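Coordinates in review
These are the residues of each chain, in order.
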Amino acid sequence: MTDHLHLSGVSHGYGDRQLLTTVDLTIHHGEHVAIVGENGAGKSTMLRLLAGVETPDDGTAGLSGNPGYRVGYLAQTHGFSEAETVGDAIDTSLASLRSLEARIAELESGLADADAEDLELYGSLHTEYQLREGYAAESRVESALDKLGLGGLDRRRALGSLSGGEQERVALACLLADPAEALLLDEPTNHLDANGTAWLESRLAAHRGTVVVVSHDRVLLRRVATTIIEVDADRRSVNRYGNGYEGYLREKAAERARWIQEYDQWLDAMAAERLQAATVADGMGYGRKRDNDKMAFGFKTGTWQSAAASKVRNAQERLRRLEDNPVDRPPVPLKLAAPSRPGAVAEVASAPALEAVGVSVPGRLQPTDLRVETGQKVLITGPNGAGKSTLLSVLAGALEPAAGTVSVSGNVGYLQQELQVPARPGLRLLPAFAAGLGGNIDEHAEGLLRLGLFRPAEFHVPVGGLSAGQQRRLALARLLLGGYSTMIVDEPTNHLAPVLVEQLEAALASFEGTVVIVSHDRALGEWFDQTASRNAPGAWVRHGMQGGEVV
């Protein structure tokens, strides 16, 4: 089958922010593809281009092949009017199928007098209806709503009377009631619970057509995607990886190994040219051994010195070319800095790292007690609105509780869930990173380069112009190198590319201090439980929250 989605020579952006530059991509019928990358890299934009919702600035995008090939698109925010009812939304999603039903019924009424052309058309439409399982469309809607936690929802309800998450689930149920040959979904698990997510994964994995999903959910990536497309925000390009999510991780590791090898070879070549130039230059200061031919001696010495000078010039020219085409230093795996003062963890080992007693915030957090021992790793999970982020804000001292007390031992680093609006948007990235950390700017530049979260060219970008992913990486860099004895981390996987999340998990596991994490990320939860099973009882503890209380 020749049907496929494509980007051909596509360049696209918004204002002065370029997201994609001369990108070529083909997604063939039947492929199950996940698009990954940090927030702000252009993943949702690429999905809209493939769906035909947006037109690229340059190049072509969309569907090639059969014009009857249907593309279903689910945005992060639905396009329904709030005045529409649930029934209206369902009717809109099934309009094509009901039109097909009406045309079949019309042809059936005239079959007795039908000619060969009408009979052929009737058979074709009837086959299409059967392949789309049109007879089961209504039951699929009800089943989808039930699996997504909306069973029994009154179809007369106005969409505006539903919560945002409920509206998104209605949109998802409508999309899957009559699934198109190609399904394009943008963060479809955002508003789903565990049961709804498991059901969606099963539906997508079983879809016989094309699936293209933008997601940070690593469990979904493992279960659904056979191909990973990574959007590279730095290079404004895309890279394709086969063999599913695990193959993607292996290839990324191999890329890092090749990068390290290329960097080492570049360093070796620089050193060799410097040595060549220095060795020959040193030799030019000494005369050759005299022989009895005094006239020939002067001539030979001049010839040798001329040749040596040429060798020096050639070595210097090769060195200049190497310097003009440097290989960026490859990043090392992420690692949390040790506490800033030697023995800082041991000093407070006799006291809990964090202790909250009876803390409460009206409407957000019920009276809550929580004790976190020094060196302990704690994961707090629970549904949206359970009070998890509020509790972390109180523990970190960013929010004053209405009642109760919080005691802290040692210094605390806090990574908030929400991105903060820069107080000085014109401040460059490097000084913004270094602000308040002490030391000199060169040391901070070296530390930031070592992490590999930013390239040197980005050090001079104003923080007000950073993407969401870049802002998250900046906050993460300050946390990693802050030398804290206790880390409070709210939704650490937000806005980050999957490979960076995998490295962050390893960094948290090896950190000698205390860590408190809030996350709804299923893969992070699995990693936490597996790591806990390999450590002493009580060293890794999971808590749940419900209704503003730790349970």
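For the structure, see preceding data.
Residues numbered from 1 in each chain as written. Predicted model: local features only at pLDDT ≥ 70, side-chain atom pairs only at ≥ 80, totals over all residues. Heavy atoms only, no water.

With respect to the overall build of the protein chain
When helices and strands are tallied, the protein chain shows 17 helices and 18 strands. The C-alpha atoms of the protein chain give a radius of gyration of 31 Å, which is well past the 24 Å a tight globule of 551 residues would have. In terms of overall dimensions, the protein chain has a C-alpha envelope of 120 × 75 × 45 Å along the principal axes. Relative to its 551 residues, the protein chain shows a buried fraction of 44%. Here the analysis covers contacts within the protein chain between residues at least 6 apart in sequence; of these, 71% occur between residues at least 24 apart. Measuring between centres, the 53 positive side-chain charges of the protein chain sit 11 Å from its 71 negative side-chain charges. (Helix = DSSP H or I, 4+ residues; strand = E, 2+ residues; numbered from the N terminus. Rg over C-alpha atoms; globule rule 2.2 N^0.38 Å. Buried < 20%, exposed > 50% of the residue type's maximum accessible area, 1.4 Å probe, protein only. Contact = heavy atoms within 4.5 Å. Lys, Arg positive; Asp, Glu negative; His and termini not counted. Charge placed at Lys NZ, Arg CZ, Asp CG, Glu CD.)

Thoughts on the packing of helix α5 (residues 137–147) against helix α6 (residues 164–177)
Relative to each other, α5 and α6 sit at 150°, their axes nearing to 9 Å. Judged on the interaxial angle alone, α6 and α5 are roughly antiparallel. In terms of crossing hand, the pair formed by α5 and α6 is right-handed. Between α5, through A137, R140, V141, A144 and L145, and α6, the contact on the second element is made entirely by V170, A173, L176 and A177. When grouped by side-chain class, the residues that make up the contact of α5 with α6 number 8 nonpolar, no polar and 1 charged. (Axes fitted to C-alpha atoms, helices over the stretch in contact; angles between N-to-C directions. Parallel < 35°, antiparallel > 145°, perpendicular 65-115°, else oblique. Left-handed = near helix turned anticlockwise from the far one by under 90°. Nonpolar A, V, L, I, M, F, W, Y, C, P; charged D, E, K, R; others polar.)

A short note on the pairing of strand β12 (residues 377–381)
Remember that side chains alternate between the two faces of the sheet whenever the strand is regular. A large share of β12 lies buried, amounting to 5 of its 5 residues. Residues K377, L379 and T381 of β12 are buried on one face, and the alternating residues V378 and I380, pointing to the opposite face, are buried as well. With 5 bridges connecting them, β12 and strand β17 (residues 540–546) associate as parallel partners. Of the residues in β17, the one forming a bridge with K377 is W540. (Pairing = 2+ DSSP bridges.)

Brief notes about the pattern of salt bridges
The final tally for this structure, using the stated rule, is 30 salt bridges. D232 is the salt-bridge partner of R235, the closest N and O atoms lying 3.1 Å from each other. With a relative accessible area of 49%, R235 lands in the partly exposed category. Among the ionic pairs, E355 bridges to R371, the shortest N-O distance being 3.5 Å. Taken together, the residues span a long stretch of sequence, with E355 in strand β10 (residues 354–361) and R371 in strand β11 (residues 365–372) at a distance of 16 residues. By sharing partners, the salt bridges in this structure join R218, R222, E246, E502, E505 and D521 into a single network. (Salt bridge = Lys/Arg side-chain N within 4 Å of Asp/Glu carboxyl O.)

Re the sheet that holds strand β1 (residues 4–14)
Whenever strands of a sheet pair, they do so through backbone hydrogen bonds, lying parallel or antiparallel. If you walk across this open sheet you meet the 3 strands as β2-β1-β4, and the pairing is antiparallel. Edge positions in the sheet fall to β2 (17–28) and β4 (58–64), since each has one partner strand and no second. Looking at each pair of strands side by side, their axes are set apart by 20° on average, direction ignored. Relative to the sheet, helix α1 (residues 43–51) contacts β1, β2 and β4, its axis offset from that of β1 by approximately 130°.

Thoughts on the packing of aromatic side chains
What describes a pair of aromatic rings is the distance from one ring centre to the other and the angle between the planes of the rings. Summed over the entire model, instances satisfying the criterion amount to 6 aromatic pairs. Ring geometry for Y241 versus Y248: centroids 5.1 Å apart, planes at 75°, classification edge-to-face. With respect to burial, Y241 and Y248 carry one shared label: buried. Aromatic ring contacts, followed pair by pair, group Y241, Y245 and Y248 into a single cluster. One Lys or Arg, R473, reaches over the ring of F454 and ends 5.0 Å from the middle of that ring. (Phe/Tyr/Trp six-rings, centres within 6.5 Å; stacked < 30°, edge-to-face > 60°. Lys NZ or Arg CZ within 6 Å of the ring centre and 35° of its normal.)

Here's the deal with the nonpolar core
If you look at the biggest cluster of nonpolar residues, it comprises 50 residues, and the most contacted ones within it are V170, L172, L185, I228 and Y248. In terms of residue count, α6 provides more of this core than any other element does, 8 residues in total. In this structure, V170 is in contact with A89, L145, L150, L153, L159 and L162, ignoring residues within four places of it in sequence. Within the second largest apolar cluster, 37 residues are counted, among which are L430, A432, V501 and L504. (Core = buried A, V, L, I, M, F, W, Y, C linked by side-chain atoms within 4.5 Å.)

Brief notes about unusual backbone geometry
Unusually for a residue other than glycine, E187 sits at a positive phi of about 50°. On the basis of relative accessible area, E187 is assigned to the buried category, the value being 11%. Not every positive phi belongs to a glycine, and E491 is a case in point at roughly 50°. Relative to the assigned elements, E491 resides in the loop between β15 (486–490) and α16 (498–510).

Details of the sheet that holds strand β16 (residues 514–518)
Spatially, 6 strands are ordered β14-β15-β16-β12-β17-β18 in an open sheet, and the strand pairing comes out mixed. Of all strands in the sheet, those bounded by a partner on one side alone are β14 (412–415) and β18 (549–550). Examined bridge by bridge, β14 and β15 share 4 bridges and lie parallel to one another. From the neighbouring strand, L415 faces β15, where its bridge partner is V489. Each of β12, β16 and β17 touches helix α17 (residues 522–533); the most contacted strand, β17, lies at about 140° to it.

Remarks on the layout of surface pockets
The method is simple in principle: a probe with the dimensions of a water molecule rolls over the atoms, and the space it marks as empty is what remains. Counted as a void, the second largest pocket has a volume near 1200 Å³. Taken together, 37 residues form the lining of the second largest pocket, with K252, W259, P331, G452 and R455 sitting closest to its centre. Counting only elements with at least two residues in the lining of the second largest pocket, the list comes to β8 (227–232), β9 (237–241), α9 (244–283), α14 (441–451) and α16. If you tally residues by element for the lining of the second largest pocket, the top one is α9, at 9 residues. Split into classes, the residues belonging to the lining of the second largest pocket amount to 19 nonpolar, 4 polar and 14 charged. (1 Å grid on protein atoms, 1.4 Å probe; cavity = no way out; pocket = protein on both sides within 12 Å on 5 of 7 lines; lining within 4 Å. Points joined across faces, edges and corners; volume = space filled by probe spheres on them.)

So, the environment of G544
Here G544 shows up in strand β17. With 163 residues separating them in the primary sequence, G544 and T381 have C-alpha atoms 4.8 Å apart. Other than its neighbours up to four places away in sequence, G544 contacts T381, E549, V550 and V551.

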